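Observations on chain architecture
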Amino acid sequence: LHKQQPPLKIAGYAHWKGQVLTAEELNVLYEGIKLNNVNHYDYILTGYTRDTSFLETVVDIVQELKRLNPKLVYVCDPVMGDQGSMYVPENILPVYKDKVVAVADILTPNQFEAELLTGRTISTEKDALDVMELLHQMGPDTVVLTSTDLTSPHGDQFLVALGSQKMVRTDGSKSTQKIRIEMPKVDAVFVGTGDLFTAMLLAWSHHHPNDLKAACEKTVSVLHHVIKRTITYANEMAGPGKRPNPAQLELRMVQSKKDIEDPDIVVEATIL
Ligand code: ADP
Ligand code: ZN
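Residues numbered from 1 in each chain as written. Chains lettered and ligands numbered in written order. Predicted model: local features only at pLDDT ≥ 70, side-chain atom pairs only at ≥ 80, totals over all residues. Heavy atoms only, no water.

Details of the pairing of strand 2 (residues 73-76)
Here is the rule: Any two strands with at least two DSSP-identified bridges between them are counted as paired. Put simply, DSSP marks the helices as runs of H or I at least four residues long and the strands as runs of E at least two long, and each gets a number from the N terminus on. For the handedness criterion, the strands are oriented away from the viewer, and a crossover whose path from the first strand over the helix to the second runs clockwise is classed as right-handed.
Judged from the four bridges that link them, strand 1 (residues 43-46) and strand 2 form a sheet pairing that is parallel. Note that in strand 2 the partner of Ile-44 across the bridge is Tyr-74. Handedness of the crossover joining strand 1 and strand 2 through helix 3 (residues 52-68) is recorded here as right-handed. Two elements, strand 2 and strand 5 (residues 106-107), share two bridges in a ladder whose sense is parallel. When the sheet's bridge partners are listed, Cys-76 is paired in strand 5 with Leu-107.

If you want it as structure tokens, here you go:
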């Protein structure tokens, strides 16, 4: 969506502190897990990464963990940028393109990231469906474009997301479920909504592994509830006629616990 340039885009704040984990440090942590024999995982999720060697180490670890558990599902949010501009170093793109996407099972790019990964431009829904098909060919059986610039059939007050899932029917034949989901746009910039989307998609795909429509409806419904609670609170804190600041727009996650666990379904996806 329409966000500021880094570092504001990623952290939301003017300042940030702390350390960035290196590939070597990640390897050491993984060694510790291995030594204790607790390297058995059902899911892995990765997001914002700026360092190529860190990302390559992630791929090595995912491959090893998949050998130990062939059912492991790797959910990859290939965070690279938004609205035509990259906020990670450009040399991270070939690593996603040539190595990471190939081992991903669920991929959640936004429109710009999907365009970067495929080298295609998306102007129409047909373009987007073609791009998702290309992404399937690169590896993942489930692809969700978490936000796009496409015009919603319901008008420009709505934001469009698209999903595509390859499945094998019980008789062995293959099928693809393609969906469009629309949500009302809220006039504010949120930080962490992309992370929440991917985390919720992991959780709801666990409950609906072969029904992307259901998983996405629950995912987007959670986003809707969290965003609504957040904007209501932020506007109240800012006062009449004032725009809320980043601190006031912190996602109301704890307050949304019940909605996250069991969301009222407020959006219906369209099967394409
Ligand atoms: P990404 O760029 O990775 O798609 P975003 O944070 O822009 O990440 O969007 C992720 C999801 O968050 C969207 O699918 C939507 O459900 C929700 N979202 C984010 N910002 C808004 C907004 N201003 N209004 C409505 N929904 C939003
Ligand atoms: Zn994202």
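Details of the environment of Val-220
Put simply, the test is: Only protein chains enter the accessibility calculation, which uses a 1.4 Å probe. A residue is then buried if its area is under 20% of the maximum for its type, exposed if over 50%, and partly exposed in between. Working rule for contacts: check all heavy atoms of both residues, and any pair within 4.5 Å makes them a contact.
With respect to the secondary-structure elements, Val-220 resides in helix 8 (residues 212-238). Classification of Val-220 as buried rests on a relative accessible area of 2%. Sequence separation between Val-220 and Leu-201 is 19 residues; the distance between their C-alpha atoms is 8.8 Å. If we skip the residues at most four places from it in the chain, Val-220 touches Ile-181, Met-183, Phe-197 and Val-267.

Some words on the pattern of salt bridges
Side chains bearing opposite charge may pair, as long as their charged atoms lie close to each other. Heads up, the condition is: For this analysis, a salt bridge means a side-chain nitrogen from Lys or Arg found within 4 Å of a carboxyl oxygen belonging to Asp or Glu.
By the definition in use, this model includes 13 salt bridges. Notably, a salt bridge pairs Asp-130 with Lys-126, separated by 2.8 Å at the nearest N-O pair. Pair noted here: Asp-130 and Lys-126 are both in helix 6 (residues 125-138), with a separation of four residues, about one helical turn. Linking Glu-133 and Lys-166 is a salt bridge whose minimum nitrogen-to-oxygen distance equals 3.1 Å. With Glu-133 in helix 6 and Lys-166 in strand 7 (residues 158-168), this pair connects stretches of sequence that are 33 residues apart. Classification of Glu-133 by relative accessible area gives partly exposed; the value is 26%. A cluster of three or more residues bridged by salt bridges with shared partners is formed by Glu-31, Lys-34 and Glu-64.

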